[in-house]
Amino acid sequence: MNCNTRNKDAALVVFSGGQDSTTCLLWALKRYREVVAVSFDYGQRHKAELGCAKEIAQRLEVEWHVMDMSLLNQLAPNSLTRSGIEVDENAPEDAPPNSVVDGRNMLFLTFAAVFAKQRGITDLITGVSQSDFSGYPDCRDVFIKSLNATLNLAMDTTFCIETPLMWLDKADTWKLAADLNGLDLVRDMTLTCYNGIKGDGCGNCPSCRLRRQGYREFLERYQ
Ligand code: ZN
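Each chain carries its own residue numbering, running from 1 in the direction its sequence is written. The predicted nature of this model means local features are confined to residues of pLDDT at least 70 and side-chain atom pairs, given and counted, to a pLDDT of 80 or more, with totals for whole chains, interfaces and linings taken over all residues. Side-chain numbers come from the whole structure's heavy atoms, not from hydrogens or water.

Asker: Help me out: how do you make sense of the pairing of strand β1 (residues 10-14) in this one?
Answerer: The side chains of a regular strand alternate between both faces of the sheet. When a residue's accessible area, from a 1.4 Å probe over protein chains only, is under 20% of the maximum for its type it is buried; when over 50% it is exposed; and in between it is partly exposed. By the criteria applied, helices consist of DSSP H or I runs no shorter than four residues and strands consist of E runs no shorter than two, each listed in order from the N terminus. Along β1, 5 of the 5 residues are buried, which leaves the element largely enclosed by surrounding structure. Burial along β1 is two-sided: Ala-10, Leu-12 and Val-14 and Ala-11 and Val-13, pointing in opposite directions, are all buried. Whether two strands pair comes down to DSSP finding at least two bridges between them. Of the pairings in the sheet, the one linking β1 to strand β2 (residues 34-41) comprises 5 bridges and is parallel in character. Counted as the bridge partner of Val-13 is Ala-37 from β2. Viewed with both strands pointing away, a crossover whose connecting path from the first strand over the helix to the second turns clockwise is right-handed. With helix α1 (residues 19-31) bridging β1 and the parallel β2, this β-α-β connection has right-handed handedness. With 3 bridges joining them, β1 and strand β4 (residues 123-125) adopt parallel strand pairing. Bridge assignment links Ala-11 to a residue of β4, and that residue is Asp-123.

What follows is the structure, encoded as structure tokens:
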């Protein structure tokens, strides 16, 4: 079923409190009558991420849930989940970062789908991006389509996984936030920094460098 032919009644957003998922939350609020956001607590290095998610959900008056995914930490210890493992800031650009938790998006979307079905919600929104694909295979379009089919079969439901950022680069993601009147909110209230600093972040980690470069390109391209 084509997602575009459906009623835009309710959606569930997989929401981390970062730039991408916050932009998706703004996107969903423009399109759906009811929006629910879900965050996952997987023992991530920075609990601040969940604090940001809560603040943003409150600001936007969105119903927000946190789900316990501490299992993920048990399955795949790495630099995002274990504070004793440092993020490798000098890894080659074409190699998967050591912050990858294998299958993380797959698990999040699957748990989100189970929760959504209980609520009678079939539209799932996620901020994954193929353009921005940095070593995470479960961010790719082909995977999302495959998972959508699998979830439909698993739960005998017609889900629609929407990926508003799939073909956008970081500059265009900033542009989308601006078009949704959310540029300041995304810039000030989200957390993407591996060192847990909100907004513009530490400026040095790989995530901050990508964010800053994207913002600069956004300004060059559109301002
Ligand atoms: Zn940083």
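Asker: Just checking my understanding: could you explain helix α6 (residues 170-179) for this structure?
Answerer: In an α-helix there are 3.6 residues to a turn, and that puts residues three or four apart on one side. Across the 10 residues of α6, 7 count as buried, placing the element largely inside the fold. Looking at where α6 begins, the residue whose side-chain oxygen comes 3.2 Å from the main-chain nitrogen of Ala-171 is Asp-169. Directly after α6, the chain includes Asn-181, whose backbone phi takes a positive value near 60°. Throughout this description, a polar contact denotes any pair of N or O atoms lying within 3.5 Å of each other; where both atoms belong to protein, one of them has to be capable of donating a hydrogen while the other can accept it, and for residues adjacent in sequence the pair is counted only when both atoms sit in side chains.

Asker: Mind showing me how you'd approach the packing of aromatic side chains here?
Answerer: What characterises a pair of aromatic rings is the spacing of the ring centres plus the angle enclosed by the ring planes. To pair, rings of Phe, Tyr and Trp, with the six-membered ring standing in for Trp, must have centres within 6.5 Å; the planes then decide the type, stacked if under 30 degrees apart, edge-to-face if over 60, and tilted in the middle. This model, assessed by the stated rule, comprises 5 aromatic pairs. Seen in terms of ring centroids, Phe-40 and Phe-108 are 4.3 Å apart; in terms of plane orientation they differ by 10°. Their pairing is stacked. A residue pair is termed long-range when its members are at least 10 positions apart, and Phe-40 in strand β2 and Phe-108 in helix α4 (residues 104-118) qualify at 68 residues. For Phe-40, a relative accessible area of 5% puts it in the buried group. For the ring pair Trp-174 and Tyr-215, a centre distance of 4.9 Å and an interplane angle of 80° mean the geometry is edge-to-face. Here Trp-174 is found in helix α6, whereas its partner Tyr-215 is found in helix α8 (residues 206-222), with 41 residues between them in sequence. Members of the aromatic cluster, each reached through a chain of ring pairs, are Trp-174, Tyr-215, Phe-218 and Tyr-222. Two limits define a charge over a ring: the Lys NZ or Arg CZ must be within 6 Å of the ring centre, and within 35 degrees of the ring normal. Over the aromatic face of Tyr-215 sits the side chain of Arg-187, whose NZ or CZ is 4.4 Å from the ring centroid.

Asker: What am I meant to see in the pattern of salt bridges here?
Answerer: Oppositely charged side chains are able to pair whenever their charged atoms sit close together. Definition used for salt bridges: Asp or Glu carboxyl oxygen within 4 Å of a side-chain nitrogen of Lys or Arg. The final tally for this structure, using the stated rule, is 13 salt bridges. Put simply, Lys-8 and Glu-162 hold a salt bridge, and the shortest N to O gap is 3.4 Å. Here Lys-8 is found in the segment before β1, whereas its partner Glu-162 is found in strand β5 (residues 160-162), with 154 residues between them in sequence. Its relative accessible area of 29% is what places Lys-8 among the partly exposed residues. With its nearest N and O atoms 3.2 Å apart, the salt bridge here joins Asp-172 to Arg-221. Of this pair, Asp-172 sits in helix α6 while Arg-221 sits in helix α8, and the two are 49 residues apart along the sequence. Residue classification places Arg-221 among the partly exposed residues on the basis of a relative accessible area of 40%. Each member of the salt-bridge network shares a partner with another, and the members are Asp-169, Asp-172, Glu-217 and Arg-221.

Asker: Explain the coordination of the zinc ion here, please?
Answerer: Under perfect tetrahedral coordination by four donors, a metal shows angles of 109.5 degrees; under perfect octahedral coordination by six donors, it shows angles of 90 or 180 degrees. Sites may look incomplete because water is not among the atoms; the donors themselves are N, O and S atoms within 2.8 Å of the metal, or within 3.2 Å for Na, K and Ca. Here the zinc ion is held by the protein donor atoms Cys-193 (SG), Cys-202 (SG), Cys-205 (SG) and Cys-208 (SG), which lie 2.3 to 2.4 Å from it. A four-donor site is called tetrahedral if each angle lies between 85 and 135 degrees; a four-donor site is square planar, and a six-donor site octahedral, when trans pairs exceed 155 degrees and the remaining angles lie between 65 and 115; all other cases are labelled irregular. One can describe the donor arrangement at the zinc ion as tetrahedral, given that its 4 donor atoms subtend angles of 104 to 115° at the metal. In the primary structure, the donors to the zinc ion are separated according to the pattern C-x8-C-x2-C-x2-C. In this pair, Cys-193 is assigned in the loop between α7 (183-189) and α8 and Cys-208 in helix α8, connecting sequence segments 15 residues apart.

Asker: Explain the sheet that holds β5 here, please?
Answerer: Adjacent strands of a sheet pair through backbone hydrogen bonds, lying either parallel or antiparallel. A sheet is described by the order of its strands in space; here 5 strands give the open sequence β3-β2-β1-β4-β5, paired in parallel fashion. A single partner strand is all that each edge strand has here, and the edge strands are β3 (63-68) and β5. Looking at each pair of strands side by side, their axes are set apart by 25° on average, direction ignored. The sheet strands contacting helix α5 (residues 141-155) are β4 and β5, and the helix crosses β5 at an angle near 155°. With axes taken as lines fitted to C-alpha atoms, and helix axes fitted only over the stretch in contact, angles between N-to-C directions fall between 0 and 180 degrees. Between two residues, a contact is recorded if the distance between any of their heavy atoms is within 4.5 Å.

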